[in-house]
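So the chains spell out like this:
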Amino acid sequence: MYGKSPTRVVLLLLGIQLTALWPIAAVEIYTPRVLEAVNGTDARLKCTFSSFAPVGDALTVTWNFRPLDGGPEQFVFYYHVDPFKPMSGRFKDRVVWDGNPERYDVSIILWKLQFDDNGTYTCQVKNPPDVDGVIGEIRLSVVHTVRFSEIYFLALAIGSACAIMVIIVIVVVLFQHFRKKRWAERAHKVVEIKSKEEERLNQEKKVSVYLEDTD
């Protein structure tokens, strides 16, 4: 029986270490979790990911749907090198690819939303050897009108406050301007009155001197 060379032992140990490391690597999925959209409009179901392995032709993306009222999971979309749309079912001709794997984006767009589209959409990405990882989920709510969130209310409140402050500043500036203008007009009138009074007094003095001289 032949002994193993040091080189083979080192390669064997490296292989064992790499084999042990691969299962640790997993695809990380990022979705908005909750999405609200108006009935009849289009919605972009955003899904991005990060992977330990470089993105290549082995990448696969699977979108599925779980109805809100229960029932079996339904196929929505599949991507592997090229996008594959559903050939039948509720999502036929209603879903398009809007992703870019080079930018780690595997999003889709769902057209003409309906109320029965309410439910959970799952985004699963496999990028061998990264094939494990939590599946991304988006809970879609199709509504008549979009409700304002706290962020919208906060933005509206801040915008209103800023608008009120701008109006107050403009009013104060205009008030000061017209006040200064009024004071300037009054001062000008006072000067005119004083000038006319002085002129009248001068005329009276001249008449008085003339009368004295004639006497």
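A quick note: this is a predicted structure, and the numbers were derived from the prediction, not measured.

A. Highlighting the state of the cysteines. Applying the stated criterion to the full structure yields 1 disulfide. Across the disulfide from Cys47 sits Cys123; the S-S distance is 2.2 Å. Every disulfide takes its handedness from the sign of the S-S torsion; for Cys47 and Cys123 that torsion is -85°, giving left-handed. One end of the pair, Cys47, is in the loop between strand 3 (43–45) and strand 4 (48–50); the other, Cys123, is in strand 10 (residues 119–126), and 76 residues separate them in sequence. Assigned by exposure class, Cys47 and Cys123 land together as buried.

B. Inspection of the sheet that holds strand 5 (residues 60–67) at higher detail. A sheet is described by the order of its strands in space; here 6 strands give the open sequence 2-11-10-5-6-7, paired in mixed fashion. The outermost strands of the open sheet, each flanked by one partner alone, are strand 2 (33–38) and strand 7 (82–84). The sheet shows a mean angle of 20° between the axes of neighbouring strands, direction not considered. Examined bridge by bridge, strand 2 and strand 11 (residues 136–143) share 6 bridges and lie parallel to one another. Its bridge partner being in strand 11, Glu36 is matched across the sheet by Ser141.

C. Region of the structure containing the packing of aromatic side chains. Inspection of every chain in the model, using the stated rule, returns 7 aromatic pairs. An angle of 35° between the planes, with centres 4.6 Å apart, marks the rings of Phe65 and Tyr121 as tilted. Taken together, the positions of Phe65 in strand 5 and Tyr121 in strand 10 put the pair 56 residues apart, joining distant regions of the chain. By relative accessible area, which is 0% here, Tyr121 ends up buried. Linked through ring pairs, Phe65, Phe91 and Tyr121 together constitute an aromatic cluster.

D. Quick look at the pattern of salt bridges. The full count for this structure, using the stated rule, is 7 salt bridges. Note that Glu73 and Arg66 form a salt bridge whose closest N and O atoms lie 3.9 Å from each other. A salt bridge links Arg90 to Asp117; the nearest nitrogen and oxygen atoms lie 3.4 Å apart. With Arg90 in the loop between strand 7 and strand 8 (95–97) and Asp117 in the loop between strand 9 (108–110) and strand 10, the pair connects residues that are 27 residues apart, well separated along the chain. A relative accessible area of 25% means that Arg90 is categorised as partly exposed. With relative accessibility at 0%, the residue Asp117 sits in the buried group.

E. Main features of the sheet that holds strand 9. Overall, antiparallel pairing links the 3 strands, which are arranged 3-9-8 in an open sheet. Looking at which strands have only one partner, the edges of the open sheet turn out to be strand 3 and strand 8. Pairwise comparison of adjacent strand axes, ignoring direction, gives a mean angle of 25° for this sheet. In this sheet, strand 9 lies alongside strand 3 in antiparallel orientation, the contact comprising 3 bridges. Of the residues in strand 9, the one forming a bridge with Leu45 is Ile108.

F. How the structure looks around the pairing of strand 10. Of all 8 residues making up strand 10, 6 are buried, and the element is well covered by its neighbours. Here strand 10 pairs with strand 11 via 5 bridges, running antiparallel. When the bridges of strand 11 are listed, Gly119 appears paired with Leu140.

G. Local environment of the nonpolar core. By size, the foremost hydrophobic cluster in this structure holds 27 residues, and its most contacted members are Trp63, Val76, Val106, Ile108, Tyr121 and Val125. Those elements that place two or more of their residues in this core are strand 3, strand 5, strand 6 (74–80), strand 8, strand 9, strand 10 and strand 11. Ignoring sequence-local partners within four residues, the contact set of Val76 consists of Trp63, Asn64, Phe65, Pro86, Phe91, Val95, Ile108 and Tyr121.

Reading the values: the criteria
- Residues numbered from 1 in each chain as written.
- Predicted model: local features only at pLDDT ≥ 70, side-chain atom pairs only at ≥ 80, totals over all residues.
- Heavy atoms only, no water.
- Disulfide = S-S within 2.5 Å.
- Helix = DSSP H or I, 4+ residues; strand = E, 2+ residues; numbered from the N terminus.
- Buried < 20%, exposed > 50% of the residue type's maximum accessible area, 1.4 Å probe, protein only.
- Pairing = 2+ DSSP bridges.
- Axes fitted to C-alpha atoms, helices over the stretch in contact; angles between N-to-C directions.
- Phe/Tyr/Trp six-rings, centres within 6.5 Å; stacked < 30°, edge-to-face > 60°.
- Salt bridge = Lys/Arg side-chain N within 4 Å of Asp/Glu carboxyl O.
- Core = buried A, V, L, I, M, F, W, Y, C linked by side-chain atoms within 4.5 Å.
- Contact = heavy atoms within 4.5 Å.

Purely geometric stuff here, so don't read any function into it on its own.
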